[in-house]
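Okay, here's what each chain looks like letter by letter:
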Amino acid sequence: MLETQSLQERLQGLIKGTILTDEPLASHTYFRIGGPADVMAFPADLEDLKRLLKMARDEAIPVLIFGGGSNMLVPDWGVKGLVINLSRTFLELEAVDERIRCGAGVRTSRLLALSAMRGLTGLEGLTGIPGTVGGAIKGNAGTPLIAIIDHLDWIRIVDGGGGERILSRDALGAGYRRTALPAGSVIVEGCFTLRRATVTEIRGTISKLLVRRNLTQPVAVRSAGCIFKNPPGDVAGRLVERVGLKGLQRGGAQISEKHGNFIVNLGGATAADVLWLIERARTEVMVKTGVALELEIQVVGSPIAG
Ligand code: EPU
């Protein structure tokens, strides 16, 4: 406790942004699951972020970078060290001709809304994908129609030592639902190049995708989006359905009856409940179909990696 307090005091003196202690992460995740963060910092600007990263590196304080909290499962016992929450920083969003420059903290829905309003096509496939643009780029978020990196020119990152760099799309080591950014680096901005189309056309596509999503996904219940990556040549949700696990419940968590690749929080679910269901789905799918499902969500501090 003493240690936490002194870290909070030192951080308060170091940055202009807000510092919270013992902050319940359940309030910040789409799942509404997760114990407290020892210390959560909201950097006010780039300078704050650089200072936080440098201090954490110099003092070997573990850091968790937190975006929109949409694709993340946080342990019930919480997170030790420093959580840097970027959801209130880097909110610039600007369109010039076919280009959009976008801060990492901007919601993907806002980026999509601006591109539609300006008659810029390309990102419609991101319809309904929650979270921040920084998180979406890091995980190369997308659907079978598009991956966000398809339309990206470059990103600006801050590295662990507080240095800034621009990386072109080709330097991101991007693949299906992943990038290979330098360890300890944080995305602060991205620049997209899109194509011209009519506003009506773009809005029509978005509406169709929203209707489809509402019909096929459990959008009204708390979840973290798709749990697993789709394996090559197949669909994770279909495999979970085939092995008969849709609707399986553990505590307050349930494998969605609507879509097999979603786990929903029916109320009071713990991270342990969700992890149990994940392991059960992985095991059954492996035993009955021979397919190894990999995690799409980030499971913080767990030995079960993606
Ligand atoms: N399907 C089943 N059973 C299920 C779920 C799906 O048979 O329980 C079948 C569907 O009938 C359909 C096929 O599987 O024929 C594909 O399903 P869907 O269109 O729902 O797509 P998905 O591959 O399961 C992907 C993305 C979603 C995105 C949708 C948009 C991944 C891992 N998931 O899901 O993204 O919203 O496409 O169509 O790529 C996310 O990443 O968090 C996410 C929700």
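Keep in mind that this is a model prediction, so the values were computed, not measured.

A. The arrangement of the overall build of the chain in detail. Across its full length, the chain carries seven helices and 17 strands. In terms of C-alpha radius of gyration, the chain reaches 20 Å, essentially the compact-globule figure of 19 Å for 306 residues. Counting only C-alpha atoms, the chain reaches 55 × 50 × 30 Å along its principal axes. Here the chain holds 306 residues, and 50% of them are scored as buried. A fraction of 62% describes how many contacts in the chain between residues 6 or more apart in sequence connect residues 24 or more apart.

B. Here's a closer look at the pairing of strand 6 (residues 93–96). Both strand 6 and strand 7 (residues 99–103) contribute to a ladder of four bridges, which runs antiparallel. Residue pairing across strands places Val96 opposite Arg99, the latter belonging to strand 7.

C. Layout of the site of the ligand. The immediate surroundings of the ligand are formed by 20 residues, with Cys226, Asn230, Glu241, Gly260 and Glu296 found nearest. Taking Glu241, its side chain carries an N or O atom lying 2.6 Å from a nitrogen atom of the ligand. In isolation the ligand has 810 Å² of accessible area, and contact with the protein removes 79% of it. Broken down by element, the residue count for the shell around the ligand peaks at three residues, all from helix 6 (residues 236–242).

D. Seen up close, empty space enclosed by the protein. One pass over the structure, following the stated rule, counts one cavity of 30 Å³ or more. Empty space within the largest cavity amounts to approximately 30 Å³. Residue lining of the largest cavity: Ile227, Phe228, Val240, Ile255, Gly260, Asn261, Phe262, Ile263 and Ala281, and that is the complete set. In the lining of the largest cavity, the residues fall into seven nonpolar, two polar and no charged.

Rules of the game
Residues numbered from 1 in each chain as written. Predicted model: local features only at pLDDT ≥ 70, side-chain atom pairs only at ≥ 80, totals over all residues. Heavy atoms only, no water. Helix = DSSP H or I, 4+ residues; strand = E, 2+ residues; numbered from the N terminus. Rg over C-alpha atoms; globule rule 2.2 N^0.38 Å. Buried < 20%, exposed > 50% of the residue type's maximum accessible area, 1.4 Å probe, protein only. Contact = heavy atoms within 4.5 Å. Pairing = 2+ DSSP bridges. Near = heavy atom within 4 Å. Polar contact = N/O pair within 3.5 Å; in protein donor to acceptor, adjacent residues only side chain to side chain. Areas by Shrake-Rupley, 256 points an atom, 1.4 Å probe, with all protein chains shown as cover. 1 Å grid on protein atoms, 1.4 Å probe; cavity = no way out; pocket = protein on both sides within 12 Å on 5 of 7 lines; lining within 4 Å. Points joined across faces, edges and corners; volume = space filled by probe spheres on them. Nonpolar A, V, L, I, M, F, W, Y, C, P; charged D, E, K, R; others polar.

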